[in-house]
Amino acid sequence: MNPIIEFCISNLGSGGYEALQVLEEDPDLDIVEYGCLDHCGLCGETLYALVNGDVVTGDTPDGLVKAIYQYIEENPMF
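Residues numbered from 1 in each chain as written. Predicted model: local features only at pLDDT ≥ 70, side-chain atom pairs only at ≥ 80, totals over all residues. Heavy atoms only, no water.

> Account for the sheet that holds strand β3 (residues 47-51), naming residues and giving values.
Taken in spatial order, the four strands line up as β2-β1-β3-β4 in an open sheet, and their pairing is mixed. In this open sheet, the two strands that pair with only one neighbour each are β2 (30-34) and β4 (54-58). Shown here is a sheet whose adjacent strand axes are inclined to one another by a mean of 30 degrees, direction ignored. Inspection of the sheet shows strand β1 (residues 4-8) paired to β2 by five bridges, in the parallel sense. In the sheet register, E6 faces β2, and the bridge partner there is V32. Packing of helix α1 (residues 9-24) onto the sheet brings it into contact with β1, β2 and β3, and relative to β1 it is tilted by some 150 degrees. Across the sheet, helix α3 (residues 61-74) touches β1, β3 and β4, and the angle it forms with β4 is around 140 degrees. (Pairing = 2+ DSSP bridges. Helix = DSSP H or I, 4+ residues; strand = E, 2+ residues; numbered from the N terminus. Axes fitted to C-alpha atoms, helices over the stretch in contact; angles between N-to-C directions. Contact = heavy atoms within 4.5 Å.)

This is how it looks when you write it as structure tokens:
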């Protein structure tokens, strides 16, 4: 089972799309886009994604990608 990375469409428009493009290249991740993830306050402040249901943030697209991989490494599913 692959980690599930969830993105909010609004956050993608704020710069998260670059992170999504990088992560989509990884066949070991399942990427999902939603209209809203109900984290509107966070969405307006920083780039973020949900990784297996937990919020992971980054100041830049590259920072978000690094934070996501770090989270996955530190929180294995099995």
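> Describe the packing of α1 against α3, and please don't skip the residues or the numbers.
The relative placement of two packed helices comes down to the angle between their axes together with the axis-to-axis distance. Contact geometry of α1 with α3 gives a least axis separation of 8 Å together with a crossing angle of 45 degrees. As the angle between them shows, α1 and α3 are arranged oblique. Of the two elements, α1 crosses α3, and the hand of that crossing is right-handed. Contacts from G15, E18, A19, V22 and L23 in α1 reach P61, L64, V65, I68 and Y69 in α3. Split by residue class, the contact of α1 with α3 holds eight nonpolar, one polar and one charged. (Parallel < 35°, antiparallel > 145°, perpendicular 65-115°, else oblique. Left-handed = near helix turned anticlockwise from the far one by under 90°. Nonpolar A, V, L, I, M, F, W, Y, C, P; charged D, E, K, R; others polar.)

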